[in-house]
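Chains, contacts and geometry: an overview
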Amino acid sequence: DTPMSSKGRTSNLKASPQWKRGMLQGFITVTTFTQWRSSFRFDSLHESAFAYDPDDLTELALKGIRKYDNDGRLAEELEATVHGGDPWNEGIVYPRIAEISLFGALGCGKK
């Protein structure tokens, strides 16, 4: 599987006073996780793993409200999954890990 083999679907809302029936609200795409760095690794215990989180998310994590891989087990399992490829050509593909993206347009289809 290569990163270009993705699947997707559109997201539409039912008619309501504010939205026209069937108007496109966005796209949801699914593809296999692929990366292009031979040095990449899953490591949620690295000191910079959450370095760019805003203060409010850090606070939620400290209070136990925000769930994260605090013991590194999830990262270990992800690191151990089957993966292969060439970072210079097709990328390193993880066929058992999905990459899910949501692209939305706020106000799209609004009357």
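Residues numbered from 1 in each chain as written. Predicted model: local features only at pLDDT ≥ 70, side-chain atom pairs only at ≥ 80, totals over all residues. Heavy atoms only, no water.

1. Observations concerning the overall build of the protein
What counts here: Helix and strand definitions follow DSSP, with helices as H or I runs of at least four residues and strands as E runs of at least two, each counted in order from the N terminus. Only protein chains enter the calculation, and the probe is 1.4 Å; a residue is then buried if its accessible area is under 20% of its type maximum, exposed if over 50%, and partly exposed in between. Methods summary: accessible areas were calculated by the Shrake-Rupley approach with a probe of 1.4 Å, and residue burial reflects only the protein chains presented.
Scanning the protein for helices and strands turns up 2 helices and 4 strands. Reading the secondary structure of the protein in the N-to-C direction produces β-β-α-α-β-β. A burial count over the protein gives 20% of its 111 residues as buried. For the protein, the exposed area adds up to about 8800 Å²; of that, 56% sits on carbon and sulfur atoms.

2. Points about the nonpolar core
Put simply, the rule is: Buried residues of nine kinds, namely Ala, Val, Leu, Ile, Met, Phe, Trp, Tyr and Cys, make up a nonpolar core once their side-chain atoms join them within 4.5 Å. The contact definition used throughout considers only heavy atoms, calling two residues in contact when any of these lie within 4.5 Å.
Residues Phe-33, Phe-42, Ala-75, Ile-92, Tyr-94 and Ile-97 constitute the largest nonpolar core, which totals 6 residues. Tallying contributions element by element places strand S4 (residues 91-104) first for this core, with 3 residues. When residues no more than four places from it in sequence are discounted, the contact partners of Phe-42 are Phe-33, Ala-75, Leu-78, Glu-79, Tyr-94 and Ile-97.

3. What to know about the environment of Pro-87
Along the chain, Pro-87 falls in the loop between strand S3 (84-86) and S4. Discounting chain neighbours no more than four positions away, the residues touching Pro-87 are Trp-36, Arg-37, Ser-38 and Ile-92.

4. What to know about the packing of aromatic side chains
The description of an aromatic ring pair uses the distance of the two centres, along with the angle that the planes make with each other. The condition that has to hold: Working definition: a ring pair exists when centres of Phe, Tyr or Trp rings (six-membered ring for Trp) sit within 6.5 Å. Plane angles under 30 degrees give stacked, over 60 give edge-to-face, the rest tilted.
Going through the model one piece at a time under the given rule, you end up with 6 aromatic pairs. The interplanar angle of 45 degrees and the centroid separation of 5.8 Å between the aromatic rings of Phe-33 and Phe-40 together place this pair among those described as tilted. Here the aromatic residues Phe-33, Phe-40, Phe-42 and Tyr-94 are joined through ring pairs into a cluster of three or more.

5. Description of the pattern of salt bridges
Note the cut-off: Put simply, a salt bridge is a Lys or Arg side-chain nitrogen that is within 4 Å of an Asp or Glu carboxyl oxygen.
Scanning all chains against the criterion turns up 3 salt bridges. In this structure, Asp-43 engages Arg-41 in a salt bridge whose closest nitrogen and oxygen atoms are separated by 3.3 Å. Arg-66 serves as the salt-bridge partner of Asp-53, at 2.6 Å between the closest nitrogen and oxygen. Taken together, the residues Asp-53 in the loop between strand S2 (24-35) and helix H1 (55-62) and Arg-66 in the loop between H1 and helix H2 (73-80) connect sequence positions 13 residues apart.

6. A closer look at the confidence of the model for the protein
Low-pLDDT stretches of the model should not have their predicted coordinates read in fine detail. The condition is simple: pLDDT is defined as a per-residue confidence score from the predictor, taking values between 0 and 100.
Mean pLDDT over the protein works out to 82, with 71% of the residues at or above the 70 mark. Averaged pLDDT values over the elements of the protein bottom out at 61 in strand S1 (residues 7-12) and peak at 96 in H2.

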